[in-house]
Amino acid sequence: MNGLPTSAPANDVIERARDAIESYRPFIRPDGCDLEFLGVKDGMARIRILGLESGCCLQAEVTLQRMVERHLRAAVPEIRGVVSICE
């Protein structure tokens, strides 16, 4: 079980989440950042944030994660939140 509501087929939710992340990438690339969609587990989208400098990683990661989460949850209401990995 992937933690998604039974009314939403898992593959559909994953595909819509992937599309939402892809649609957000052009907005952060000019700042030298990028996103990689890793999947959905227990209703949480997992992303990797790329390109943040290590010194400001935590603050920038939290800010970016919140913006991405707002965008993703608007596009895919079945997603409960976002878990991010900063590299």
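The following paragraphs examine the structure supplied in this document. In this text, all values refer to a predicted model and were calculated from it rather than measured experimentally.

Taken as a whole and assessed by the stated rule, the structure comprises eight salt bridges. With its nearest N and O atoms 2.7 Å apart, the salt bridge here joins Arg-25 to Asp-34. When sorted by exposure, Arg-25 lands in the same class as Asp-34, which is buried. Ionic pairing is found between Arg-73 and Glu-69, a salt bridge with its closest N-O pair at 3.9 Å. Placement of both Arg-73 and Glu-69 in helix α2 (residues 57-75) is noted, with a separation of four residues, approximately one turn of the helix. Each of Glu-22, Arg-25, Arg-29 and Asp-34 takes part in one network of salt bridges that share partners.

Secondary-structure assignment places Asp-19 in helix α1 (residues 10-28). A residue is classified by how much of its surface remains accessible, and Asp-19, at 45% relative accessible area, is partly exposed.

In this section: the environment of Ile-49. On the secondary structure map, Ile-49 appears in strand β2 (residues 44-50). Ile-49 sits in the buried class, given a relative accessible area of 0%. In this structure, the C-alpha to C-alpha distance between Ile-49 and Leu-35, residues 14 residues apart in sequence, is 4.8 Å.

Let us look at the nonpolar core. Counting residues in each nonpolar core, the largest one holds 19 residues, and the members touching the most others are Ile-21, Leu-35, Ile-47, Leu-64, Val-68, Leu-72 and Ile-79. If you list the elements that add at least two residues to this core, you get α1, β1 (34-41), β2 and α2. The biggest single contributor to this core is α1, with six residues. Once residues lying within four places of it in the same chain are set aside, the contact partners of Leu-64 are Tyr-24, Ile-28, Leu-35 and Ile-49.

The next subject is the side chain of Gln-65. Mapped onto the elements of the fold, Gln-65 is located in helix α2. In this structure the side chain of Gln-65 is engaged in a polar contact, spanning 2.6 Å, whose partner is the backbone oxygen of Val-82. When sequence neighbours within four positions are dropped, the list of residues in contact with Gln-65 reads Ile-49, Val-82, Val-83 and Ser-84.

To continue, consider unusual backbone geometry. For Asp-42, which is not glycine, the phi dihedral falls at a positive 55°. With a relative accessible area of 37%, Asp-42 lands in the partly exposed category.

Cut-off values and rules
Residues numbered from 1 in each chain as written. Predicted model: local features only at pLDDT ≥ 70, side-chain atom pairs only at ≥ 80, totals over all residues. Heavy atoms only, no water. Salt bridge = Lys/Arg side-chain N within 4 Å of Asp/Glu carboxyl O. Buried < 20%, exposed > 50% of the residue type's maximum accessible area, 1.4 Å probe, protein only. Helix = DSSP H or I, 4+ residues; strand = E, 2+ residues; numbered from the N terminus. Core = buried A, V, L, I, M, F, W, Y, C linked by side-chain atoms within 4.5 Å. Contact = heavy atoms within 4.5 Å. Polar contact = N/O pair within 3.5 Å; in protein donor to acceptor, adjacent residues only side chain to side chain.

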